[in-house]
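Observations on chain architecture
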Amino acid sequence: MRELHAALNWVRQLFRSRTFEREMQAEMQAHIEQEAALNRARGMTERDAIAAAKRDFGNVAYLQEQSRDARGTRFVEETKRDIIYGLRSLVRTPGFTTVALLSLALGIGVNTGMVTFFRFIFAPVQVSQPDTYVAYGRGLTYPGWQAIANERGLFEKTVVHSSMSVALSRDGATSVKATADLVSDGYFSMYNGRAHIGRLLVPGESSDASASPAAVVSYPFWRRELSGDSSVIGRTLRLTNGLQLTVVGVANERFSGASSGLGAQPADFWLPLVVRNRMPTFQRGDQQSISPFTDANAEWLSMSAQLPEGVLLEQATLHLRNLLTHLPTADSANVNDLTSPLLTQGRRGFINRNNALSISFALSATAMVLLIGCANVANLVLARGVRRRREIAVRLSLGASRVRLIRQLMTESAMLGLAGGLAAIIVSQVILKILSASEILVFLKVDAETLARGLKPDAYVIVFTFIMAFVSATASGLVPSLRSTKMNLSRATRDDGAAIGTRRSRSRLRTGLVIGQVALSLALLNTATALLRSSANANESDVGFDYQKVVTIAALRSGNGYSNARFLNYLHELQERTTQLVGPENVARGTILLTGSGGMNFARVSPSEPGLRSTPLALASANYFTVLGLPIVRGRAFTELEARNSAPVVIISESTAKQYWPTTDALGQRLKLADEQWSESTGRRVLQNERDVMVVGVAHDAQTVIVGSARNPMMYAPADSGSVLVRASENPATLARTLRELARVTDRDMIANVRTQDEVMHSIVHSADITSKYTGVLGTFGLLLSAIGIFGVVAYTVSQRTHEIGIRLAIGAQPFDVMRLMLVQGMRPVLLGIAMGVAATAMVSRGLLAGFSGISPFDPVAYLTAAAIVASVALVACYVPSRRATTIDPVGAIRSE
């Protein structure tokens, strides 16, 4: 109770300090008056009695300080006074405060915005028990899952799901492509699912083979396709394969299931697992294939599980490996694949080896902006410390300790950091608003509502912002505070350090900060310039064929439930209507080269020799090469008969000819091929259709899939199938609109993707475009902050050297000479920073710029452009205060000292 009473008394004294001060002063005055009364009683005069009483009582101010120390609130009270003084000091210097806040707000705001963005884009899976959550890293057969689920002691609970594309029929309108997740019992409880309206799937429904199975739709799909209608419960959705679904609920807006990354985009709806038997991907021709629930080779499931209490991941992995090895299913063949772990524990986001470099680059670029902002604040605090030098010297002379002054200066920095954090949150919101309205929507394929909802900073981001603001402000103010409180008191109080040599010594740190700012800004701008050139090169690159007037029609078969015959009839009818529209010489069938879609296979040459690499194999009709504008350099194109009968002939690219026949002519040579295709039923690549073929032509090299990379070997096989390719005689965008309507009229239930190849090219280089613009914006921020820092350094240099400049002007120096001197001294650290920035960029650009189109890591144009921009901005920042130096009055400047 005594400790509690002491604590309560401390709190009371803390919040009632003024009352205690009055009581303490009154008590001390009472003691003095009482002693004075005794002295008067002893015969002293009034004056002598009071003097003797004060002398016997002691130093009142010292005793009051001891009393405050005894209360234990001195540190808090001093901090409160420091905060009040710091606020007053920041208000008295609006120029310094504004520039420092802008520097912190921009630097921290950009980082806060990007952290929020990445937390949304690379969001991990949301699970109810993350500590025991594990994911199986392979495809799994249904019999394999049943064996795992029935194995006692292995897992506490297991759930599986399978994703697929479907076509949703809409009355009187074109069908829409949708994604469906087929899930087992316990799926929603595993991933912490809740219903927005209606209910979720209940145990037992995963095996309910009713005529109209239950469906839970996602919140974005409900808002987008069902108009957010709250009476949707009980409505029937019809797929184009005839399957009817009954909507039983709408998932919560934040539920994404097993999806992770790219904003954790959920499936459009979730269905019971048993519906898989009625989905079209397990149909072969007009016949129903073997059920995936009994097929021992169909690895179509993804599994996640929860470990039992006390079971380690290594123990579960060993137990699972032993179980799968003895199963008579395809799972036993995958268990020894060491390319990825069998089980992974914990929630995994979308960050992996493929995107780690891009993420590191983006975060490094934003961190550079923060470093530039911190350097700017440090420079301003250093310059401000010079102006406060005499004030600090007086405080030290009067007995203030260096630690006490440093604490006061750091409190001011902390107040600046707090205000900078608040401003940074506002800046981050502006940045996120811009991101929500930018073309990032197209690139990420995220709807605006989902993006706007996900880009709101949560409590973690806000805490991160203020921690970063506090650390940045205090780190920026620590070194200046240490330097400001270490001085020659005699000189500081006498002349404020007028010696030129002393000034130059104090300016070394500021010069170093300017050099670092310029180097970081140059690195950002150089990278942005290089990426812009990469985008331009990719747009203008020679892909090997004339793609600019080609329009493609790619039909989605897997989600429609069409039989093979019905699907081919649709394509033939669409081709005939297109031929009537543009003429037979402008229509072909085959593979879309830029994306590798529409029938791209991989052929293995001499299948018995596993060491040979696979080669992309495209399908091509008779006039395929004419429509694409892809020249045949030797030999001939396919004939109509060869395309119709899929004759055993091939056309190869020039790179393929050089690879297999470097010293002889490829025409007439024979090959043994086998198609290497992805099997949806087995979940792996399989070899099939082994055959002997003969080379009848050599085509010009063409880009496939990745524009700007080295041209890979390529083969073309004759076939009257694949996507429809059309060459436009006029505007391809106009033709694309016409063909889109033609595809809809041909079959309303068929989903056909009609695109110009210009659109495809734009989507391919879109990533580089966004990266270059993002880096360019960051470089602009960094350059702006650097310019402010350079301006501040030169301006304070001019203000410090007013006496010197006045003497120079008085003894005959011309204003131009003074301005040139200031410009030379101001630009010297800028030029050093440019040199360091070029060297640093050259060292790191080899890895950062690898894989971008048509640029070298040592691109001289990018280097010169960035250096010219930085030097020009720095010259302007130096010119303004240097020009001001020429207007100094010599007489007034000399008298001011």
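Nothing here was measured: the structure is a model prediction, and the numbers come from that model.

As for the overall build of the chain
Along its length, the chain carries 29 helices and 23 strands. Taken across its 897 residues, the chain has 49% of its residues classed as buried. A separation threshold of at least 6 residues defines the contact pool for the chain, and within that pool the share at least 24 residues apart is 79%. Within the structure as shown, the chain displays about 42400 Å² of accessible surface, and the carbon and sulfur contribution to it stands at 57%.

Some details on the pattern of salt bridges
Counted by the stated rule, this structure contains 11 salt bridges. The partner of aspartate 82 in a salt bridge is arginine 404, with the nearest N and O atoms 2.8 Å apart. A residue pair is termed long-range when its members are at least 10 positions apart, and aspartate 82 in helix 5 (residues 74-92) and arginine 404 in helix 14 (residues 402-436) qualify at 322 residues. Between lysine 672 and aspartate 692 there is a salt bridge, with its nearest N and O atoms 3.2 Å apart. With lysine 672 in strand 19 (residues 670-679) and aspartate 692 in strand 20 (residues 684-699), the pair connects residues that are 20 residues apart, well separated along the chain.

As for the nonpolar core
Counting residues in each nonpolar core, the largest one holds 52 residues, and the members touching the most others are Phe155 and Phe269. Element by element, the count of residues in this core is highest for helix 10 (residues 313-325), at 5 residues. Residue contacts for phenylalanine 269: discarding those within four places in its chain leaves Val166, Ala178, Thr179, Ala180, Asp181, Val216, Val217, Ser218, Phe221, Leu239 and Leu245.

Quick word on the packing of aromatic side chains
Under the definition given, this model contains 16 aromatic pairs. Arranged with centres 5.6 Å apart and planes meeting at 65 degrees, the rings of tyrosine 142 and tryptophan 145 form a pair that is edge-to-face. Linking tyrosine 142 with tryptophan 145, this pair stays in helix 7 (residues 142-150), spanning 3 residues, or about one helical turn. Ring plane angle 75 degrees and centroid distance 5.8 Å describe the contact between phenylalanine 221 and phenylalanine 269, whose orientation is recorded as edge-to-face. Of this pair, phenylalanine 221 sits in helix 9 (residues 219-225) while phenylalanine 269 sits in strand 8 (residues 269-272), placing them 48 residues apart in sequence. Each member of the pair, phenylalanine 221 as well as phenylalanine 269, carries the same accessibility label: buried. In this structure an aromatic cluster arises from ring pairing among Tyr133, Tyr187, Phe188, Tyr191, Phe255 and Trp270.

Here's the deal with the packing of helix 6 (residues 94-121) against helix 14
Geometry of a packed helix pair, given as the angle between the helix axes and the separation of the axes. Helix 14 packs onto helix 6 with a crossing angle of 50 degrees between their chain directions and a minimal axis gap of 6 Å. With respect to helix 14, the element helix 6 is oriented oblique. Our pair here, helix 6 against helix 14, has a crossing hand that is right-handed. In this structure, helix 6 contributes Phe96, Ala100, Leu101, Leu104, Ala105, Ile108, Gly109, Val110, Thr112, Gly113, Thr116 and Phe117 to the contact, and helix 14 contributes Leu416, Gly417, Ala419, Gly420, Ala423, Ala424, Val427, Ser428, Ile431, Leu432 and Leu435.

Here we look at a nonpolar patch on the surface
Taken together, the side chains of Val463, Ile467, Phe470 and Val471 make up a nonpolar region of the molecular surface, amounting to roughly 370 Å² of accessible area. Take valine 463: it is sitting in helix 17 (residues 459-484).

Things to note about a positive patch on the surface
Taken together, Arg18, Arg22, Lys80 and Arg81 make up a surface patch of like positive charges. If you list the elements that add at least two residues to the positive patch, you get helix 2 (17-41) and helix 5. Mapping arginine 81 onto the fold places it in helix 5. Given the relative accessible area of 48%, arginine 81 is considered partly exposed.

Observations regarding the pairing of strand 1 (residues 133-136)
Burial along strand 1 is two-sided: Tyr133 and Ala135 facing one way and Val134 and Tyr136 facing the other are all buried. Both strand 1 and strand 11 (residues 302-306) contribute to a ladder of 3 bridges, which runs antiparallel. Directly across from alanine 135, in strand 11, lies its bridge partner serine 304. Sheet analysis places strand 1 next to strand 12 (residues 343-345), joined by 3 bridges and oriented antiparallel. The residue of strand 12 that forms the bridge with valine 134 is glutamine 345.

Examining the environment of alanine 666
Note on placement: alanine 666 falls in the loop between helix 23 (654-660) and strand 19. Through-space distance from the C-alpha of alanine 666 to that of valine 696 is 8.5 Å; in sequence the pair is 30 residues apart. Excluding its chain neighbours within four sequence positions, the residues that come into contact with alanine 666 are Ile652, Ala657, Trp661, Val695 and Val698.

Notes on the packing of helix 20 (residues 564-582) against helix 24 (residues 732-746)
Two numbers describe how helix 20 lies on helix 24: the axes approach to 10 Å, and their chain directions differ by 140 degrees. Between helix 20 and helix 24, the angle falls in the class oblique. In this structure, the crossing between helix 20 and helix 24 has a hand that is right-handed. Taking contact as the criterion, the partners of Tyr570, Glu573, Leu574, Arg577, Thr578, Leu581 and Val582 in helix 20 are, on helix 24, Leu735, Thr738, Leu739, Leu742, Ala743, Val745 and Thr746. Of the residues assigned to the contact of helix 20 with helix 24, the class counts are 9 nonpolar, 3 polar and 2 charged.

Concerning the confidence of the model for the chain
Confidence along the chain averages 77 in pLDDT terms, with 75% of residues attaining 70 or more. Confidence scores differ between elements of the chain, with strand 9 (residues 283-284) showing the lowest mean pLDDT of 40 and strand 5 (residues 214-217) the highest of 92. Ignoring residues within four places in sequence, the model shows residues 281-288, a span with pLDDT below 50, making 19 contacts including any to other chains. Within the model, pLDDT remains below 50 along residues 496-505, and this stretch shows 16 contacts once partners closer than five positions in the same chain are excluded.

Here is what the cut-offs are and how they apply
- The written sequence of each chain sets the order in which its residues are numbered from 1.
- In view of the model being predicted, local features appear only for residues whose pLDDT reaches at least 70, and side-chain atom pairs are presented and counted only at 80 or more, with totals across whole chains, interfaces and linings using the full set of residues.
- With hydrogens and water set aside, each side-chain value is computed from the structure's full complement of heavy atoms.
- We count a stretch as a helix when DSSP gives it H or I for four or more residues in a row; a strand needs E for two or more, and each element gets its number in order from the N terminus.
- In this scheme, a residue with accessible area under 20% of its type's maximum is buried, one over 50% is exposed, and one in between is partly exposed, where area comes from a 1.4 Å probe on protein chains only.
- Residue contacts are counted whenever heavy atoms from the two residues lie within 4.5 Å of one another.
- Calculation of accessible area relied on Shrake-Rupley with a 1.4 Å probe; when residues are assessed, cover is drawn exclusively from the protein chains displayed.
- By definition here, a salt bridge exists when the distance from a side-chain nitrogen of Lys or Arg to a carboxyl oxygen of Asp or Glu is within 4 Å.
- What we call a nonpolar core is a set of buried Ala, Val, Leu, Ile, Met, Phe, Trp, Tyr and Cys residues that are connected through their side-chain atoms within 4.5 Å.
- Between the rings of Phe, Tyr and Trp (Trp by its six-membered ring), a pair exists once the centres lie within 6.5 Å; its type follows the angle of the planes, with under 30 degrees stacked, over 60 edge-to-face, and the other angles tilted.
- Here, axes are lines fitted to C-alpha atoms. For helices the fit covers the stretch in contact, and angles between N-to-C directions go from 0 to 180 degrees.
- In what follows, roughly perpendicular refers to angles from 65 to 115 degrees, roughly parallel to angles under 35, roughly antiparallel to angles over 145, and oblique to any angle outside these ranges.
- Each crossing gets its hand from how the near helix is turned against the far one by less than a right angle, where anticlockwise is left-handed and clockwise is right-handed.
- Residues enter patches when their relative accessible area tops 30% and they take part in no salt bridge; the joining distance is 9 Å for like charges and 5 Å for the nonpolar side chains Val, Leu, Ile, Met, Phe, Trp and Tyr.
- Counting rule for charge: Lys and Arg are taken as positive, Asp and Glu as negative, and neither His nor the chain ends is counted.
- The atom standing in for a charge is NZ when the residue is Lys, CZ when it is Arg, CG when it is Asp and CD when it is Glu.
- Two strands pair if DSSP finds at least two bridges between them.
- Here the term charged refers only to Asp, Glu, Lys and Arg, the term nonpolar to Ala, Val, Leu, Ile, Met, Phe, Trp, Tyr, Cys and Pro, and the term polar to all other amino acids, Gly among them.
- Values of pLDDT, the confidence the predictor places in each residue, fall between 0 and 100.

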